[in-house]
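Fold and contact review
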Amino acid sequence: MTITNEIKPIFTEKLIQEKIINLSEKINNIYKNEELYLICVLKGSVMFTVDLVKHLKMPVKMEFIRLSSYGSGTISSGKVNAVDISLPDLNNKDVLIIEDIVDTGHTAKFLIDFLNNNFKTKSLKFCSLLDKKIKREVDIDPDYYCFEVDDKFLVGYGLDLDGYYRNLPYIGYIEQ
């Protein structure tokens with residue numbers, strides 16, 4: 001699959017990194033030296049998580065889970081598939097969920113409900129690289145995000161189309 005020339009850049013690598021540094025400063029000010037558990041939702045948020053964690057100054061433990069609401073193509077199914085959601089004991093822990101994008105909100109709600117039903121965390125916050133409010137079907141918003149985006153199908157910097165384009169250092173959209 002080669003359609004890189006059809007990708008229209010929106011956010012440059014430099015701008016993404018600047019936003020991540022600004023976000024990390026907010027998180028550092030909130031948690032100070034408190035231990036923080038980061039839950040990275042694979043696969044899309046791995047690049048964002050890795051770059052964010054480089055700027056966090058508190059003790060951090062990283063956990064990885066796999067959820068999916070996309071099959072093949074560009075439309076969310078609206079149904080969350082918990083591929084791998086095994087986690088350590090998060091009772092009385094500060095927890096920050098890290099996602100690549102919140103669009104319909106179904107995945108975010110599923111994960112927050114799952115954590116609230118299985119653990120009594122000290123705090124639970126949700127952080128997303130991108131917030132696509134225009135597509136929201138569930139009453140949920142990230143506590144922190146870097147960019148608000150329009151209703152476009154985005155790829156790059158972890159976001160994919162059928163598994164491709166995650167490796168792009170920028171974020172762009174594909175015309176549909």
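Structural notes, computed from the coordinates. (Residues numbered from 1 in each chain as written. Predicted model: local features only at pLDDT ≥ 70, side-chain atom pairs only at ≥ 80, totals over all residues. Heavy atoms only, no water.)

**Structural notes on helix 3 (residues 106–118)**
For an α-helix, the turn length of 3.6 residues means that residues three or four places apart are oriented alike. The first and last C-alpha atoms of helix 3 sit 18 Å apart over 13 residues, in line with the 18 Å expected at 1.5 Å per residue. Along helix 3, the positions that sit buried rather than exposed are Thr107, Ala108, Leu111, Ile112 and Leu115. Projection of helix 3 onto a plane perpendicular to its axis shows the buried side chains occupying an angular sector of 125°, all on one side. (Helix = DSSP H or I, 4+ residues; strand = E, 2+ residues; numbered from the N terminus. Expected span 1.5 Å × (residues − 1). Buried < 20%, exposed > 50% of the residue type's maximum accessible area, 1.4 Å probe, protein only. Arc of directions from axis to C-beta.)

**Focus on the packing of aromatic side chains**
Throughout the structure, instances matching the rule amount to two aromatic pairs. Plain terms: the ring middles of Phe11 and Phe147 are 3.8 Å apart, the flat faces sit at 20° to each other, and that makes the pair stacked. Pair noted here: Phe11 is in strand 1 (residues 7–11) and Phe147 is in strand 7 (residues 144–148), with a separation of 136 residues, a long-range link. The class of Phe11 is buried, set by a relative accessible area of 11%. (Phe/Tyr/Trp six-rings, centres within 6.5 Å; stacked < 30°, edge-to-face > 60°.)

**Structural notes on the nonpolar core**
By size, the foremost hydrophobic cluster in this structure holds 27 residues, and its most contacted members are Ile27, Phe48, Leu130 and Ile171. Of all the elements in the fold, those that place two or more residues in this core are helix 1 (13–31), strand 2 (36–42), helix 2 (46–53), strand 5 (94–102), strand 6 (123–131), strand 7 and strand 9 (171–174). When residues in this core are grouped by element, the largest group, five residues, is from helix 1. What Phe48 contacts, discounting residues up to four positions off in sequence, is Ile20, Leu23, Ile98, Glu99, Cys127, Ser128, Leu129, Cys146 and Tyr157. Counting residues in hydrophobic clusters, the runner-up holds 19 residues, among them Tyr37, Ile65, Leu87 and Leu111. (Core = buried A, V, L, I, M, F, W, Y, C linked by side-chain atoms within 4.5 Å. Contact = heavy atoms within 4.5 Å.)

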